[in-house]
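Topology and contacts: notes
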Amino acid sequence: MPVILHDTLSREKRPLLLKPGREVFGMYCCGPTVYGPAHIGNFRTFTLQDVLRRTLEVAGLKVKHVRNITDVDDKTIRGAQAAGQTLGAFTQGWTDKFHADCRALGLLVPHVEPSAIEHIPQQVAMIQALVDRGHAYVAKDGSVYFKVCSCADYGKLTHLDRSKLETQAKNSAGEANDADEYERESASDFALWKSRKPEDGANFWPSPWGEGRPGWHIECSAMSLAHLGATFDLHGGGIDLCFPHHENEIAQSECATGVKGYAAHWFHNAHLMVDGEKMSKSEGNLYTLLQLEAKGFTANELRYVLIGGHYRGPLNFTLAGMEAARPAIAKLERWADRLLALAGFSRADFAAPSSHEVQTTWGRFAPAWDILQEDLNTPGCLGQIFTVVGENGEVSPHQAREDVCGLAKILHALGIVLFVPKPELGVPAAIADLGARRWAAKQAKDFAAADRLRQELTAAGWTMLDRKDGFDLRPL
RNA sequence: GGCGCGGUAGCCAAGUGGUAAGGCCGGGCUCUGCAAAAGCCCCAUGCGUCGGUUCAAUUCCGACCCGCGCCUCCA
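Domain assignment breaks chain A into domain 1 (19–269), domain 2 (292–308 + 315–414) and domain 3 (429–475). Each of domain 1 and domain 3 has a C-alpha centre, and the two are 61 Å apart.

Right, let's get into the sheet that holds strand β13 (residues 315–317). Pairing is mixed in the open sheet, where 3 strands are placed in the order β12-β11-β13. The strands lining the two open edges of the sheet, one partner per strand, are β12 (277–278) and β13. With 3 bridges joining them, strand β11 (residues 272–274) and β13 adopt parallel strand pairing. Residue pairing in the sheet places V274 in a bridge with F317 of β13.

What follows is about the pattern of salt bridges. This model, assessed by the stated rule, comprises 26 salt bridges. We note a salt bridge from R326 to E301, for which the minimum N-O separation is 2.5 Å. With a gap of 25 residues between them, R326 in helix α9 (residues 319–343) and E301 in helix α8 (residues 299–306) connect regions that are remote in the sequence. Classification of R326 as partly exposed rests on a relative accessible area of 41%. Residue D466 pairs with R438 through a salt bridge whose shortest N-O separation is 2.5 Å. Of this pair, D466 sits in strand β14 (residues 462–466) while R438 is found in helix α14 (residues 429–443), placing the two residues 28 residues apart along the sequence. Three or more residues are tied together by salt bridges with common partners; here these are D74, K194, D200 and R213.

Where helix α1 (residues 40–58) meets helix α13 (residues 397–414), the closest approach of the two axes is 7 Å, and the angle between their N-to-C directions is 140°. Across from V51, R54, T55 and V58 in α1, the residues of α13 making contact are K409, H412, A413 and L414. Of the residues belonging to the contact of α1 with α13, the class tally is 4 nonpolar, 2 polar and 2 charged.

On to the side chain of Q252. Here Q252 shows up in helix α6 (residues 242–257). A distance of 2.9 Å separates the side chain of Q252 from the side chain of S221, its partner in a polar contact. Excluding residues that lie within four positions of it along the chain, Q252 makes contacts with L130, F146, F190, L192, H217, I218 and S221.

Moving on, we get to the confidence of the model for chain A. Confidence in the prediction of chain A, expressed as mean pLDDT, is 90, and 93% of residues score 70 or more. In the predicted structure, residues 167–181 sits below a pLDDT of 50 and forms 19 contacts with residues beyond four places in sequence or in another chain.

Now for α1. Taking 1.5 Å of rise per residue, 19 residues should cover 27 Å, and α1 covers 26 Å from first to last C-alpha, within 8% of that figure. Burial analysis of α1 places 16 of its 19 residues in the buried class, the great majority of the element.

Turning next to helix α11 (residues 366–373). Residues of α11 that are buried include every one of A368, W369, L372 and Q373, and no others. For α11, the angular spread of the buried residues around the axis is 135°, confining them to a single face. Where α11 is buried, its residues touch β1 (3–7), α1, α12 (378–389) and α13.

With that settled, the discussion passes to the packing of aromatic side chains. Inspection of every chain in the model, using the stated rule, returns 15 aromatic pairs. Among the aromatic residues, ring-to-ring pairing joins Y28, F232, Y262 and W266 into one connected group. For the cation-ring pair, K97 lies above W94, with the distance from its terminal atom to the ring centre recorded as 5.2 Å.

Moving on: the pairing of strand β15 (residues 471–475). Sheet topology places β14 next to β15; 5 bridges connect them, and they run antiparallel. From the neighbouring strand, D466 faces β15, where its bridge partner is F471. Joining the antiparallel neighbours β14 and β15 is a turn of 4 residues.

If you look at the biggest cluster of nonpolar residues, it comprises 75 residues, and the most contacted ones within it are F317, I385, I410, L411 and L414. At 10 residues, α9 tops the list of elements feeding residues into this core. When residues of this core are assigned to domains, at least three map to each of domain 1 (19–269) and domain 2 (292–308 + 315–414). The residues contacting I410, other than those within four sequence positions of it, are W362, A368, W369, L372, C381 and I385. Listed in part, the 41 residues of the second largest apolar core include C30, V112, M223 and A263.

The rules behind each value
Residues numbered from 1 in each chain as written. Chains lettered and ligands numbered in written order. Predicted model: local features only at pLDDT ≥ 70, side-chain atom pairs only at ≥ 80, totals over all residues. Heavy atoms only, no water. Domains from an automatic or database assignment. Pairing = 2+ DSSP bridges. Helix = DSSP H or I, 4+ residues; strand = E, 2+ residues; numbered from the N terminus. Salt bridge = Lys/Arg side-chain N within 4 Å of Asp/Glu carboxyl O. Buried < 20%, exposed > 50% of the residue type's maximum accessible area, 1.4 Å probe, protein only. Axes fitted to C-alpha atoms, helices over the stretch in contact; angles between N-to-C directions. Contact = heavy atoms within 4.5 Å. Nonpolar A, V, L, I, M, F, W, Y, C, P; charged D, E, K, R; others polar. Polar contact = N/O pair within 3.5 Å; in protein donor to acceptor, adjacent residues only side chain to side chain. pLDDT = per-residue confidence, 0-100. Expected span 1.5 Å × (residues − 1). Arc of directions from axis to C-beta. Phe/Tyr/Trp six-rings, centres within 6.5 Å; stacked < 30°, edge-to-face > 60°. Lys NZ or Arg CZ within 6 Å of the ring centre and 35° of its normal. Core = buried A, V, L, I, M, F, W, Y, C linked by side-chain atoms within 4.5 Å.

What follows is the structure, given as structure tokens:
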């Protein structure tokens, strides 16, 4: 059974299959603009793309995952200037921070992570092709614009009414949509190349039309062409990129190469909300991974939360939701430990299930896998996992081995990690001493003393958890 | 106005033409000197509102009410 996914362009659920004659599934994802810290909304998108890639790989497809870094645009240039840094130094700093977050979240490293600046020749070449083919024109100031009316099926992704394109000279706020692009022939035309302006500082490159810098949309067209070819299998991004970014990408790419069918499948995910509100800096409800970690949450827990809603619907992020992740993951760990013991496996075996003869089986997690493959239903998949976890009854060693293998694979597809080592908490000597004395009192059945010592521990902000053969001390 | 998405228990969130997965919280029980942990059990006659189709609708259709997104550089 292939992975089925909703496609924005056809508005249908369609199977993700290798094209005849091809061996690799090409997947292009719009990456971050590196001008500041990525927030958890950005990571909802990247995490879902990661789950899609993992799911395809578990399903047996060989995937080539390309995710770009946008390191030249208005925001990066402004940010670099405000920071008194070169554009390169500025974007490298934010790129490094982005990568650190990606690692923490367990995002698989893309096979190619192209940067826009490193692909300026390819962008210039594509713009030249568009000019040559009559799909773009050079304005008086040396900027180059894409001629939307030259593209017969412009708007097919978002199902625009072409007759109304011209009326979009104003945006929803009633403001003119012309920005600095006053040389355009039509309000719906968009910039491919922006002529050099004083505020760009040192950030300009030569071109047949004079010095300047690329427009926003062209980078993804050029980089996808360079690394995946004129047509490829899937293109992903946040729902907001649908228009104009992806619409323009299709127009540019198909007009420049003359080949239709730019991306066979469009994968868009809805946005993350925070406490039912749109997440935004002005609302003050914008979270980063670093901020959540400062509150004591882990990246693995954030990942659990981010896949807790279906990708096509908005997900309401709450701190309460973050708090629910830890006990839920702990429940999975306890269950996995029990099954591991029944199966005669260790936790190390769980991390590398492919080494077992049962690697092709899913055990009782076959339904969870089926649900995941059906339009990447991550919350449904999690629900099914817990349904199995909640089942009672005898489990044979053979069944346990199959279950363990199935669970390991499904969690690998989701990217949820069990048994993350927790940093050892340093227990102050005085607290450790109190604990030892209480344990001794308890062993001596001096319960009055034991209770008194427990109270002292509580007063000091610690709690003591008794086991059969010892005790743990934890801060309250 | 155009193109979309959503409204399901205290919170989060799946799903289905035949009367609602799961997680968290909460409650009960078992087990423990105490406490906790753990295990077990319970927790929506109802799925925004009003109509319609149907033997049967939360699920299909229509209208309406809310919330959200995009409509030229926001994942």
